[in-house]
Amino acid sequence: MGVPLFSSLKIQVIFLSLINFCLLEVALASTTRHYQFDIRYQNVTRLCHKKSLVTVNGEFPGPRIDAREGDRLVITVVNHVQNNITIHWHGIRQLQSGWADGPAYVTQCPIQTGQSYVYNYTIKGQRGTLFWHAHISWLRSSLYGPLIILPKENVEYPFAKPYKEVPIIFGEWFNGDSEAIIEEALQTGGGPNVSDAYTINGLPGPLYNCSDKDTFKLKVKPGKTYLLRFINAALNNQLFFSIANHTLTVVEADAVYVKPFETDTILIAPGQTTNVLLKTKPYYPNASFFMLARPYATGIATFDNSTVAGIIEYETPFTTYSSNSSLIKPPLFQPNLPQLSDTSFATKFSNKLHSLANAQFPANVPQKVDKHFFFTVGQGTKPCNKNQTCQGPNGTMFAASVNNISFTMPTTALLQAHYLGQLNGTYTPDFPSTPLNPFNYTGTPPDNILVGSGKKVVVLPFNTSVELVLQDTSIISVESHPLHLHGYNFFVVGQGFGNYDSNKDPQNFNLVDPVERNTVGVPSGGWVAIRFLADNPGAWFMHCHFEIHTSWGLKMAWIVLDGKLPNQKVLPPPADLPKC
């Protein structure tokens, strides 16, 4: 029996409507968001020092980027200043979009004066707090800003919905020119001048001279829950942070949800982000509360030993207002922060971080390992140039290295050389998987502390499961190093002090719910073990997020080869990719 014409048309209409509805659902699920970053000079005054900063759109800190998981971001960066520029979208995995990652001479050549480049990427499987920053020389001192990724529409947080969300980004302020500071340090071989202040959202706060008016103040209501999105964009310092008379509940680290836990203080390294819930007091307290941050310092180098302050102020209820009460200044309470070198607190805090590891947010820890690596990270020296007296140890120049190799940046981007198959001395694929000259890493240093140099990288087949142990050394001094891996999140499966023992220490690895991060602090005088699956083809930078250590050479790169499927290959470079 045939189908009546009317019924057939009706079925077609319904079918087409369903298709259109599905297409609409897809369109609603992801959005293309356009931003323009004009890199310009802007006069900015802090600590009564006025200077010209390199900024994005004249803002310090730079503009906030908002997106949702699944969105595409198209960000046009136009360089109007004399400095070469690149921008890194810190923590974005850049799946098949490695050309948009941003580190200079790794995934792109810099954007030169008068040029522009469009960073075009899609946020896949990520949500939370990240940030963007310059990734060339020390321009991160003023070029940085929040990158907030909300969950998909109608997807809830795995915790109670907050009343309000507030990004809080830490930075460093230099009265001098940060580019001149690093240039002088590299010429003299000595340590760089330290910053003159830390900042919260660009403001130093009232504990510094001439800064009362430059104080970040957060006005809150009683009995509300606030989501504070912390970002450490400081150049060279890990920071302790606390709010007087308030408890924080940590719910996310590096844009990955964690099992919630309460703490009075958080520790956050450069390159790390941490989301916390702040539940305000159920009543108006008739007081204000300092939020303070100061360094966690483990090395022997000079550092900025100062404290940045913001203030939490409760909105005054109308019923308590009177002409007399407005004349009485409420007390301002101050929190107690850990001591500057409190490694015990740092260890306890990091040990509290665990992935949710549930059905909705699984912890896909590689259970088997294809490739094992053991990298030493730390400082050293290199010989002084001829006819020059240097300010490093015994007349040498300070240096830093991974497996005693101080990485020399190429003049052509690694990804470009890899993609075109034209190495031409850009890199060699022979980075050592273990130190070439083993020693007692956390004991008495060897007599020879000179570092080698090179352009060596690790080359990995697609889908290789990797275990990497990062070992601090006592050369110059033990120190906690925040190591950042581009293009990947990794699982922190173990950590400890002293020298890593490959026979005993793996027995205590957490392969169930380890924290997932993109930046991890290598314990001072200790080691940390991470695992990741090399499922993102491209050229990926790994470096210490202390800018001075990166400048000294504590950096290397991974080349991950293409897989067999189309979605497992590096896409062709964009037409506007900057040229060297």
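First, a word on scope: everything that follows refers to the structure included in this document.

Cut-offs and rules
Residues numbered from 1 in each chain as written. Predicted model: local features only at pLDDT ≥ 70, side-chain atom pairs only at ≥ 80, totals over all residues. Heavy atoms only, no water. Helix = DSSP H or I, 4+ residues; strand = E, 2+ residues; numbered from the N terminus. Buried < 20%, exposed > 50% of the residue type's maximum accessible area, 1.4 Å probe, protein only. Contact = heavy atoms within 4.5 Å. Pairing = 2+ DSSP bridges. Axes fitted to C-alpha atoms, helices over the stretch in contact; angles between N-to-C directions. Polar contact = N/O pair within 3.5 Å; in protein donor to acceptor, adjacent residues only side chain to side chain. Arc of directions from axis to C-beta. Core = buried A, V, L, I, M, F, W, Y, C linked by side-chain atoms within 4.5 Å. Disulfide = S-S within 2.5 Å. Phe/Tyr/Trp six-rings, centres within 6.5 Å; stacked < 30°, edge-to-face > 60°. Lys NZ or Arg CZ within 6 Å of the ring centre and 35° of its normal.

Concerning the environment of Ala-293
With respect to the helices and strands, Ala-293 occurs in strand 18 (residues 288–296). A relative accessible area of 0% places Ala-293 in the buried class. Sequence-wise, Ala-293 and Ala-309 are 16 residues apart; in three dimensions their C-alpha atoms are separated by 6.7 Å. Sequence-distant contacts of Ala-293, defined by excluding residues within four places in its chain, comprise Phe-170, Phe-240, Phe-241, Ser-306, Thr-307, Val-308 and Leu-337.

Some remarks on the sheet that holds strand 7 (residues 128–134)
The strand order 3-8-7-5 describes an open sheet built from 4 strands, whose pairing is mixed. At either margin of the open sheet sits one strand with a lone partner, and together these are strand 3 (65–68) and strand 5 (87–90). Averaged over all adjacent pairs, the angle separating strand axes in this sheet is 20 degrees, with direction ignored. Across 4 bridges, strand 3 lies against strand 8 (residues 144–150) in parallel orientation. Paired with Ala-67 across the bridge in strand 8 is Ile-149.

A closer look at the sheet that holds strand 9 (residues 164–173)
Taken in spatial order, the 6 strands of this open sheet run 10-9-12-17-14-15, and their pairing is mixed. In this open sheet, the two edge strands, each paired with only one partner strand, are strand 10 (197–200) and strand 15 (256–263). Strand-to-strand twist of the sheet, defined as the mean angle between neighbouring strand axes without regard to direction, takes the value 25 degrees. Strand direction decides the pairing type here: strand 14 (residues 248–253) and strand 17 (residues 273–279), joined by 5 bridges, are antiparallel. Opposite Glu-252, over in strand 17, you have Asn-275 as the bridge partner.

A look at the pairing of strand 16 (residues 265–268)
The two faces of strand 16 match: Thr-265 and Leu-267 on one face and Ile-266 and Ile-268 on the other face are all buried. When strand 13 (residues 238–243) meets strand 16, the two strands line up antiparallel, connected through 4 bridges. When the bridges of strand 16 are listed, Phe-240 appears paired with Leu-267.

A short note on the side chain of Thr-265
As for its placement among the helices and strands, Thr-265 is situated in strand 16. A residue is classified by how much of its surface remains accessible, and Thr-265, at 5% relative accessible area, is buried. Filtering out sequence-adjacent residues up to four positions away, Thr-265 remains in contact with Phe-240, Phe-241, Ser-242, Asn-336, Leu-337, Pro-338, Phe-345 and Phe-349.

Looking at the side chain of His-481
Within the secondary structure, His-481 sits in strand 27 (residues 481–485). We classify His-481 as buried; its relative accessible area is 1%. Within the local environment of His-481, its side chain forms a polar contact with the side chain of His-549, the two groups lying 3.2 Å apart. Those residues in contact with His-481 that sit more than four places away from it in its chain are Val-377, Gly-378, Asp-472, Val-520, Gly-521, Val-522, Cys-544, Phe-546, His-549 and Leu-554.

Considering unusual backbone geometry
The amide bond that connects Phe-60 to the next residue, Pro-61, takes the cis arrangement and shows omega of -10 degrees. Not every positive phi belongs to a glycine, and Asn-463 is a case in point at roughly 70 degrees. One can find Asn-463 in the loop between strand 25 (458–460) and strand 26 (464–472). Exposure remark for Asn-463: the relative accessible area of 41% places this residue in the partly exposed category.

Section: the environment of Val-251
Tracing the sequence through the fold places Val-251 in strand 14. In this view, Val-251 contacts Phe-159, Leu-227, Val-256, Tyr-257, Val-258, Pro-260, Asn-275, Val-276 and Leu-277; residues no more than four positions away in its chain are not counted.

A short note on helix 2 (residues 178–188)
Spacing of three or four residues puts side chains on the same side of an α-helix, whose turn is 3.6 residues. Within helix 2, burial applies to Ser-178, Glu-179, Ile-181, Ile-182, Ala-185 and Thr-188. Between the side-chain oxygen at the start of helix 2 and the backbone nitrogen of Glu-179 there is a gap of 3.0 Å, and the oxygen is on Asp-177. One or two residues past the end of helix 2 sits Gly-189, with phi positive at roughly 80 degrees.

A closer look at the environment of Gly-299
Position of Gly-299 among the secondary structure elements: in the loop between strand 18 and strand 19 (308–314). Contacts of Gly-299, omitting those with residues within four sequence positions, involve Ser-477, Val-478 and Glu-479.

Side note on helix 3 (residues 343–351)
Along helix 3, the positions that sit buried rather than exposed are Thr-343, Phe-345, Ala-346 and Phe-349. All buried residues of helix 3 project into a common sector of 155 degrees when viewed along the axis, lining one side. Contact partners of the buried residues in helix 3: strand 13, strand 14, strand 15, strand 16, strand 18 and strand 28 (490–497). Looking at where helix 3 begins, the residue whose side-chain oxygen comes 3.3 Å from the main-chain nitrogen of Ser-344 is Asp-342.

Concerning the nonpolar core
Grouped together as the largest cluster of nonpolar side chains are 97 residues, with contacts concentrated most on Leu-228, Phe-375 and Trp-558. Per-element tally for this core: the top contributor is strand 18, with 6 residues. Once residues within four sequence positions are removed from consideration, Leu-228 is found in contact with Val-166, Ile-168, Leu-218, Ile-243, Thr-274, Asn-275, Val-276 and Leu-278. In terms of nonpolar packing, the next biggest core, distinct from the first, is built from 44 residues, Ile-39, Leu-139, Ala-539 and Ala-557 among them.

Section: the state of the cysteines
Tallied over the full model, the rule gives 3 disulfides. Here Cys-48 engages in a disulfide with Cys-210; their sulfurs sit 1.6 Å apart. One disulfide, between Cys-48 and Cys-210, carries an S-S torsion of 55 degrees and so falls in the right-handed class. Taken as a pair, Cys-48 in the loop between strand 1 (32–46) and strand 2 (49–56) and Cys-210 in the loop between strand 10 and strand 11 (217–220) lie far apart in primary sequence, 162 residues in all. There is a disulfide in this structure between Cys-384 and Cys-390, and the S-S distance comes to 2.0 Å. Across the S-S bond linking Cys-384 and Cys-390, the dihedral sits near 80 degrees, which makes this disulfide right-handed. For the protein, the bonded cysteines connect in the pattern 1-3, 2-6, 4-5 when numbered consecutively along the sequence.

Some words on the packing of aromatic side chains
Overall, the coordinates contain 35 aromatic pairs when judged by the stated rule. Seen from their ring centres, Phe-230 and Phe-241 are 4.6 Å apart, and the 55 degrees between their planes marks the pair as tilted. With a gap of 11 residues between them, Phe-230 in strand 12 (residues 225–232) and Phe-241 in strand 13 connect regions that are remote in the sequence. Of the two residues, Phe-230 and Phe-241, both sit in the buried class. Their ring planes at 20 degrees and their centres at 5.8 Å tell us that Phe-289 and Phe-333 sit as a pair that is stacked. Here the residue Phe-289 occupies a position in strand 18, and Phe-333 occupies one in strand 20 (residues 332–333), the gap between them amounting to 44 residues. Using a relative accessible area of 36% as the deciding quantity, one classes Phe-333 as partly exposed. Of note, Lys-51 hangs over the ring of Trp-173, and the distance from its end group to the ring centre comes to 4.8 Å.

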